[in-house]
Amino acid sequence: PVVLITDGQDSQVLNRLLADEEIGPMMMIVPRKASWIGGDLTLAIMSNVFIGNPASTFSGFIAKSRLALGLGHTYLYRKKDKSTGKWKEVCKKECIFNHRIMGVMA
């Protein structure tokens, strides 16, 4: 399954994922009643793959925790290549600890 942990600020993201023919059928959303910070963090940190938002302090904490635990497949700094349409890494995973890049969030 693909589990979405969200603060609900941008419903367009959820709608686009649900409408996607490949991702949509695999989507699971943590119900608001079942969502709490400890459970959401544990789910994200221990997942097989984590795709986060680089502007989110929550995603940053998860990425740092996964890196500290030696877990791979953490995608925080990705960009779609306009010429190929494929996603590429634009900053190594260690960028999450770089003060020049992350400022006070490092």
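To be clear, the structure that these remarks concern was listed above.
Bear in mind the structure is a predicted one, so any value in this text is a computation, not a measurement. (Residues numbered from 1 in each chain as written. Predicted model: local features only at pLDDT ≥ 70, side-chain atom pairs only at ≥ 80, totals over all residues. Heavy atoms only, no water.)

A few points about the nonpolar core
Applicable threshold: What is meant by a nonpolar core is a set of buried Ala, Val, Leu, Ile, Met, Phe, Trp, Tyr and Cys residues, joined one to another through side-chain atoms within 4.5 Å. Accessible area is worked out with a 1.4 Å probe on protein chains only. A residue is then buried under 20% of its type maximum, exposed over 50%, and partly exposed in between.
In this structure, Ala-63, Leu-76, Tyr-77, Cys-91, Cys-95 and Ile-96 together form the largest nonpolar core, which totals 6 residues. Counting 5 residues, the second-largest nonpolar core is a separate cluster that includes Leu-41, Ala-44, Phe-50 and Ile-62.

Remarks on the layout of surface pockets
Where we set the bar: Any residue with an atom within 4 Å of a point lines the site, the site being either a cavity, points on a 1 Å grid over the protein atoms alone where a 1.4 Å probe fits but cannot get out, or a pocket, an open set with protein on both sides within 12 Å along at least 5 of 7 lines. Grid points are joined across faces, edges and corners, and a volume is the space filled by probe spheres set on the points. Helical segments are the DSSP runs of H or I of at least four residues, strand segments are the runs of E of at least two, and each set is numbered from the N terminus. In this count, Pro and Cys sit with the nonpolar residues alongside Ala, Val, Leu, Ile, Met, Phe, Trp and Tyr, while Asp, Glu, Lys and Arg are called charged and the others, Gly among them, polar.
Each pocket or cavity is described by its volume, and for the largest pocket that value is around 1,700 Å³. Leu-4, Leu-17, Ile-51, Gly-52 and Asn-53 are, among the 42 residues lining the largest pocket, the residues nearest its centre. For the lining of the largest pocket, the secondary structure elements donating two or more residues are β1 (2–4), α1 (11–19), α2 (37–45), β3 (50–51), α3 (57–68) and β5 (78–80). Grouping the amino acids of the lining of the largest pocket by side-chain chemistry returns 25 nonpolar, 11 polar and 6 charged. The space that makes up the second largest pocket amounts to roughly 170 Å³. In this structure, the second largest pocket is lined by 14 residues; those nearest its centre are His-73, Thr-74, Tyr-75, Glu-89 and Lys-93. Counting residues per element, the lining of the second largest pocket draws most heavily on α3, which supplies 3 residues.

Let's talk about α3
Rules: Given the number of residues in a helix, its expected span is that number minus one, multiplied by 1.5 Å. Two residues form a contact once any of their heavy atoms are found within 4.5 Å. Nitrogen and oxygen atoms within 3.5 Å of one another constitute a polar contact, given that in protein one can donate a hydrogen and the other can accept it, and given that sequence-neighbouring residues count only through two side-chain atoms.
For α3, with 12 residues, the first-to-last C-alpha span of 16 Å sits near the 16 Å given by 1.5 Å per residue. All of the buried residues along α3 are Ser-59, Gly-60, Ile-62, Ala-63, Lys-64, Ser-65 and Arg-66. Of the surrounding secondary structure, the elements contacted by the buried residues of α3 are α2, β3 and β4 (74–75). With a side-chain oxygen lying 3.2 Å from the backbone nitrogen of Phe-58, the N-terminal cap of α3 falls on Ser-56.

Focus on the side chain of Arg-66
What counts, and what does not: Charge counting treats Lys and Arg as positive and Asp and Glu as negative, with His and both chain ends excluded. When a carboxyl oxygen of Asp or Glu lies within 4 Å of a side-chain nitrogen of Lys or Arg, that pair is called a salt bridge.
Examined against the element boundaries, Arg-66 turns out to sit in helix α3. In this structure Arg-66 is buried but unpaired, with Glu-89 as the nearest side chain of opposite charge at 12 Å. Discounting residues that sit within four places of it in the chain, Arg-66 has contacts with Ala-44, Ile-45, Met-46, Ser-47, Asn-48, Val-49, Phe-50, Leu-71, Gly-72, His-73 and Thr-74.

Points about a nonpolar patch on the surface
Definition in use: Exposure above 30% relative accessible area and no salt bridge define the residues that can form patches, which grow by joining like charges within 9 Å and nonpolar side chains of Val, Leu, Ile, Met, Phe, Trp and Tyr within 5 Å. The protein chains shown are the only cover counted for residues, whose accessible areas, like all others here, come from Shrake-Rupley with a 1.4 Å probe.
Taken together, the side chains of Val-3, Met-28 and Leu-43 present a nonpolar region at the surface, about 230 Å² in accessible area. The class of Leu-43 is partly exposed, set by a relative accessible area of 35%.

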